[in-house]
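Each chain is listed here by its residues.
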Amino acid sequence: MHGRSGKPPDRSPVPARPDLSSELLNALPHPVVCVDGSNLIVAANDAAEAFFQASTSVLRRHAVSDFVPFGSPLLALVAQVRERAAPVSEYRVDIGSPRLGPDRIVDVYASPLGEQPGSVVIVLQERTMAEKIGRQLTSRGAARTVSGLAAMLAHEIRNPLSGIRGAAQLLEQSANEDDRALTRLITEETDRIVKLVDRMEVFSDERPIEREPVNIHAVLDHVKRLAQSGFARHIRIVEEYDPSLPPVSANRDQLVQVFLNLLKNAAEAIGNDPDGEIVLSTAFRPGIRLSIPGSKQRVSLPLEFCVRDNGAGVSEDLLPHLFDPFVTTKVNGTGLGLALVAKIVGDHGGIIECESQPRRTVFRILMPAHAGGATRTPPG
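Student: Mind showing me how you'd approach the pattern of salt bridges here?
Tutor: Where charged atoms of side chains with opposite charge meet at close range, the side chains can pair. Tallying each qualifying case throughout the model produces 11 salt bridges. The residue Glu177 makes a salt bridge to Arg180 at a minimum N-O spacing of 3.7 Å. Of this pair, Glu177 and Arg180 both sit in helix H6 (residues 177–201), 3 residues apart, roughly one helical turn. For Arg180, a relative accessible area of 29% corresponds to the partly exposed category. Taking the shortest distance from any N to any O, the salt bridge between Glu304 and Arg364 comes out at 3.3 Å. Taken together, the positions of Glu304 in strand S12 (residues 303–309) and Arg364 in strand S14 (residues 360–367) put the pair 60 residues apart, joining distant regions of the chain. With respect to class, Glu304 is no different from Arg364; both count as buried. When salt bridges that share partners are traced, they join Glu172, Glu177, Arg180 and Arg184 into one network.

Student: Which parts of the structure should I look at to understand the pairing of strand S9 (residues 277–284)?
Tutor: The side chains of a regular strand alternate, first on one face of the sheet and then on the other. With 7 of 8 residues buried, S9 is to be regarded as a mostly interior element. Looking at chain direction, strand S7 (residues 236–240) and S9 are connected through 5 bridges and run parallel. Bridge pairing in S9 links Arg236 to Glu277. Bridge count between S9 and S12: 7 bridges; the pairing is antiparallel. Its bridge partner lying in S12, Ser281 is registered against Cys306.

Student: What am I meant to see in the sheet that holds S12 here?
Tutor: For sheets, the rule is that strands pair by backbone hydrogen bonds, running either parallel or antiparallel. Ordered by their spatial adjacency, 5 strands build an open sheet running S7-S9-S12-S14-S13, and the pairing between neighbours is mixed. Strands at the two margins of the open sheet, each flanked by one partner only, are S7 and strand S13 (351–357). Averaged over all adjacent pairs, the angle separating strand axes in this sheet is 15 degrees, with direction ignored. In terms of strand pairing, S12 meets S14 through 7 bridges, oriented antiparallel. Within S14, the position partnered with Leu303 by the bridge is Met367. With respect to the sheet, helix H9 (residues 337–347) is in contact with S13 and S14, its orientation differing from that of S13 by roughly 140 degrees.

Student: Where do I start with the nonpolar core in this structure?
Tutor: One recurring pattern in soluble globular proteins is that nonpolar side chains are buried together. Core analysis: the biggest nonpolar cluster contains 42 residues, and Phe259, Leu262, Phe305, Ile352 and Ile365 have the highest contact counts within it. Broken down by element, this core gets its largest block of residues, 9 residues, from helix H8 (residues 252–270). Beyond its immediate chain neighbours, meaning those up to four positions away, Ile365 contacts Val258, Phe259, Leu262, Leu303, Glu304, Phe305, Val345, Ile351 and Ile352.

Student: Even after reading the chapter, I still don't get the packing of H8 against H9, so can you show me in this structure?
Tutor: Angle between the axes and distance between the axes: these two values describe a pair of packed helices. Two elements in contact, H8 and H9, have axes whose closest approach is 10 Å; the angle formed by their N-to-C orientations is 145 degrees. Between H8 and H9 lies a crossing of left-handed hand. Counted together, Gln254, Gln257, Val258, Asn261, Leu262 and Asn265 of H8 and Gly337, Leu338, Leu340, Val341, Ile344 and Val345 of H9 form the full contact between these two elements. Here the residues of the contact of H8 with H9 are counted per class, giving 7 nonpolar, 5 polar and no charged.

Student: Explain the environment of Ile164 here, please?
Tutor: Residue position: Ile164 is located in helix H5 (residues 128–174). Assessed through its relative accessible area of 42%, Ile164 is described here as partly exposed. Residues contacting Ile164, with those up to four places away along its chain left out, are Ile186 and Thr190.

Criteria and thresholds
Residues numbered from 1 in each chain as written. Predicted model: local features only at pLDDT ≥ 70, side-chain atom pairs only at ≥ 80, totals over all residues. Heavy atoms only, no water. Salt bridge = Lys/Arg side-chain N within 4 Å of Asp/Glu carboxyl O. Helix = DSSP H or I, 4+ residues; strand = E, 2+ residues; numbered from the N terminus. Buried < 20%, exposed > 50% of the residue type's maximum accessible area, 1.4 Å probe, protein only. Pairing = 2+ DSSP bridges. Axes fitted to C-alpha atoms, helices over the stretch in contact; angles between N-to-C directions. Contact = heavy atoms within 4.5 Å. Core = buried A, V, L, I, M, F, W, Y, C linked by side-chain atoms within 4.5 Å. Left-handed = near helix turned anticlockwise from the far one by under 90°. Nonpolar A, V, L, I, M, F, W, Y, C, P; charged D, E, K, R; others polar.

So this is what it looks like as structure tokens:
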């Protein structure tokens, strides 16, 4: 019996609802692995593959203990979950190893998988990015302190210095040759202090930045030409660019200042090494968002610009304070170069971080895209 329309009823099979579990896991930015009762890895999401630098098929052939140090707190945590049959969290767990690299600090959340006795789901959250952002905000606070100090110095020191310099020049006219050497020393040191005050005064400039859509590759090409014609003429500079990168909303001249400073530091770290190399790279890294203090607004920082060198590296003691004012490894350095770089990047709404090991130092800048170009532009 057909319906009133005379057409047979539609008996085609209803499409099955897709299983979203794997898609949901792969959408998570944090590594997630599931281990069985013997700690063998039975499942992993995409972030876990990137974290452990192995595909899921490779991970399934290993126990989680193969990837972490012997006696790692992570293994004790998994055992604790089985014993309690309840979730357990632990913060700042170091799972660094030769396979994963040193200083891999993570927060761990582990939970039993109810339907499969002995199985445990492990979620890892790396602490490095959060801590680097925290250090960056601290550096900005230090830069603001320097701003106030610079304004005070410019007002209170310039006039006395001018008087000291004038008096030294007057004394030089009537002094003998031995005394003239001393008056010239007073003049030169006075000029040096004035130059230092001028450099610090840059920190007190609170005027709004004039921004426009900037092609970062044009900026890097310009800086590369400047470097190769001067301080880095003996160093190989390699480009690893993402051609589909959208423009950055920035002040072009200030970006040139930032990257020129970073390349100069890289060249000085390399020194006269005939195998010296600097790599300039750009990439699109969605997923990193920064909360603005005192506001509910969160800014996306998808643009990544890196300057990598194979120089001697930065000492571990100095690394956390690298962007603080007056911190330097140079004999005659003022310690204001990287502090100024951090201020410029911060004024643009971005962050800068540094990772350093012998023969591999990376300065990484994360910045927002121009409002009209926050997505990729296909190449060509």
